[in-house]
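Topology and contacts: notes
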Amino acid sequence: MQELDPLLQLFEQVEFLLLAGIILVFGYLALEHKDIVYAAFFFGVMASFVAGLFLLLEAPFIAGMQIAVYTGGISALIIFGVLLLPRAQDRTLEVLPSPRARKIGLLLSAFVMAMSGGLALVFPWSTDIPQGMPEYAQSLQGLAEWLWQSHGLYVQIIALIILTTLVGTLALMKMEKAETLKDITAEFGVEAAPMPDDEKTEEATN
Amino acid sequence: MRLFVDFIPVVVWALLAVVLVIVMLLASWVLRPHVLQNSSKTSPYECGEDPIGPARISYPYNYIVYTILFVVIDVMGAFLWLLSASTLRLEALILWQALIFIALIMGAISFSMRILPQAALDGKETLELYHEAKKAQKTKHMH
Amino acid sequence: MVPLSWYLVVAFMLIGLGAYGMIVKRNLIRILIGAEIMGNGVNIALVAFAVYGGVFSYTPQGLVILVIAIAAAHTALALVLMLLYNRRYGHVDLGSPVQAEVK
């Protein structure tokens, strides 16, 4: 990888600082904005700016996946969760932490941030990008080889995790519904709505 | 060449978009007549009708299941996008992996769509709980 | 030239911010947002190490792909659990008394 000219180096630093500032401000707003709908939207904005940081780090596919899954999927999920909870949308009903707990938490996390950030700045990391950095097309190629050729089992594990999530979600909701039904005739979790008479007789004859 | 150098036009475009929005907001603020705001001017516009009832309604829980299905398709699409964007030679092993991956997720989706009518909860109680909490808050303020 | 430590500082600050949200907040949705912010910080650290590691390797980037996929799954499950929590207890605030039992 050839050296960049100084103007581009300065541009990279300015871009990084801008992105980092925006990410931290939106991350803080996503936690602290008093309206929870706005907080969810700010989380989505923060996730899409993190994708910009991934582009600076030479990871185009991760940036695309960040935008597709975090900004497009997870923040939409959180917004739908807020939509389904009318109680959470009302900011006057939100239970806020006591000022003392908030202050202690802020101090604690600021201390941890300062310590770990100071250590990261002091520690002698290697500062250059290595010579064999792949280009854009090669990077996708190498990543695809890593994921689909050498570690194909991980893909199946992801599929199983997604399957478990979907089935578990639906099973939880079904159990909740079965508990609310009045007369449970069969064992737990089975649909227990009263059957019409003609179906009952049909089943008896079978 | 570094990747961010290729993306400089995108950064310029994003800055232009931000500037455009600010200019449009400022221009509309300058150009619009600053008249007195009254209740009929600030009420939500519902095709000329008077608004009836509160805007808060309850939604059935199915909505979140559909969103979860969307996210699942999203993740599956990202994984397959990686495979399709590469020029991997489609060996039998990779083909079978992709087929099993798609079959597992599609099986999960079809199962959940099948079981969804039995798990459908109408979210009416969320609104009731909200009104109860609001009432409790009001009585607490009165005392 | 942006050194590795800058990326790590951003990552640690995001992790600290998420930890603050998870420790202090009482609303479950905000706690979930805090967890997601922490996950973003971890992803940034992993990708930064992948690039500046001296020898380029695809393993951290592949791990980040898996982490993002699992984050989508756990968020979905957490939100459904939140809805059912609201159904049982009448609110989504940790440590509050039970408001109502929906049956």
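This is a predicted model, so every value here is computed, not measured. (Residues numbered from 1 in each chain as written. Chains lettered and ligands numbered in written order. Predicted model: local features only at pLDDT ≥ 70, side-chain atom pairs only at ≥ 80, totals over all residues. Heavy atoms only, no water.)

Let us now look at the overall build of chain A. Assigned secondary structure in chain A consists of eight helices and zero strands. Starting at the N terminus and ending at the C terminus, chain A contains elements arranged as α-α-α-α-α-α-α-α. Evaluated residue by residue, chain A yields a buried proportion of 45% over its 206 residues. The long-range fraction of contacts in chain A, counting pairs at least 24 apart against all pairs at least 6 apart in sequence, stands at 48%. Put simply, chain A shows about 10,400 Å² of open surface, and 68% of that area lies on carbon and sulfur atoms. (Helix = DSSP H or I, 4+ residues; strand = E, 2+ residues; numbered from the N terminus. Buried < 20%, exposed > 50% of the residue type's maximum accessible area, 1.4 Å probe, protein only. Contact = heavy atoms within 4.5 Å. Areas by Shrake-Rupley, 256 points an atom, 1.4 Å probe, with all protein chains shown as cover.)

This next bit is on the packing of helix α1 (residues 4-24) of chain C against helix α2 (residues 28-52) of chain C. To characterise two packed helices, one gives the angle between the axes of the helices and the distance between these axes. All names here are of chain C. Where α1 meets α2, the closest approach of the two axes is 7 Å, and the angle between their N-to-C directions is 165°. The orientation of α1 relative to α2 falls into the category roughly antiparallel. Between α1 and α2 lies a crossing of left-handed hand. For the pair α1 and α2, contact is made by Leu-4, Tyr-7, Leu-8, Ala-11, Leu-14, Ile-15, Gly-18, Ala-19, Gly-21 and Met-22 and by Ile-31, Gly-34, Ala-35, Ile-37, Met-38, Gly-41, Val-42, Ile-44, Ala-45, Ala-48, Phe-49 and Tyr-52, respectively. (Axes fitted to C-alpha atoms, helices over the stretch in contact; angles between N-to-C directions. Parallel < 35°, antiparallel > 145°, perpendicular 65-115°, else oblique. Left-handed = near helix turned anticlockwise from the far one by under 90°.)

Listed as interface residues are 59 residues of chain A and, on the opposing side, 58 residues of chain B. Here chain A and chain B share an interface that buries about 5,700 Å² over both sides, 76% of which is from carbon and sulfur atoms. Taken together, the connections running from chain A to chain B amount to one salt bridge. For B:Lys134, the salt bridge goes to A:Asp90, with nearest N and O atoms at 3.0 Å. Across the contact surface, chain A and chain B share 11 residue pairs in polar contact (both at pLDDT 80 or more). Residue assignment for the side of chain A that touches chain B shows that the elements contributing at least two residues are α1 (6-32), α2 (36-56), α3 (60-83), α4 (86-89), α6 (136-150) and α7 (152-180) of chain A. Considering every element that reaches the side of chain A that touches chain B, the biggest residue donor is α7(A), with 16 residues. Partitioned by chemical class, the residues of the side of chain A that touches chain B number 36 nonpolar, 12 polar and 11 charged. (Buried area = accessible area lost by both parts, 1.4 Å probe. Salt bridge = Lys/Arg side-chain N within 4 Å of Asp/Glu carboxyl O. Polar contact = N/O pair within 3.5 Å; in protein donor to acceptor, adjacent residues only side chain to side chain. Nonpolar A, V, L, I, M, F, W, Y, C, P; charged D, E, K, R; others polar.)

Before going further, it helps to examine the packing of aromatic side chains. Applying the stated rule across the entire model yields 13 aromatic pairs over all chains. In this structure an aromatic cluster arises from ring pairing among A:Phe16, C:Trp6, C:Tyr7 and C:Tyr52. (Phe/Tyr/Trp six-rings, centres within 6.5 Å; stacked < 30°, edge-to-face > 60°.)

Taken residue by residue, chain B gives an average pLDDT of 86. The fraction at 70 or more is 99%. The spread of mean pLDDT over the elements of chain B runs between helix α3 (residues 39-42) of chain B, the lowest at 73, and helix α2 (residues 8-31) of chain B, the highest at 93. (pLDDT = per-residue confidence, 0-100.)

All right, on to α2(C) then. All names here are of chain C. With 25 residues, α2 should reach 36 Å at 1.5 Å per residue; the first-to-last C-alpha distance of 37 Å fits that figure. You can read the cap of α2 off the contacts: a side-chain oxygen lies 3.0 Å from the backbone nitrogen of Ile-29, and it is on Asn-27. Gly-54 lies just past α2 and shows a positive phi near 95°. (Expected span 1.5 Å × (residues − 1).)

A word on the interface of chain C and chain A. Opposite the 71 residues of chain C that make contact, chain A presents 84 residues. Of the roughly 7,400 Å² buried between chain C and chain A on both sides combined, carbon and sulfur atoms contribute 75%. The interface formed by chain C and chain A holds five salt bridges in total. A:Glu176 is the salt-bridge partner of C:Arg88, the closest N and O atoms lying 3.6 Å from each other. On the surface where chain C and chain A come into contact, there are 11 residue pairs in polar contact (both at pLDDT 80 or more). Every element with two or more residues in the side of chain C that touches chain A is listed here: α1, α2 and α3 (59-89) of chain C. The biggest single contributor to the side of chain C that touches chain A is α3(C), with 24 residues. For the side of chain C that touches chain A, the residue count by class is 45 nonpolar, 18 polar and eight charged.

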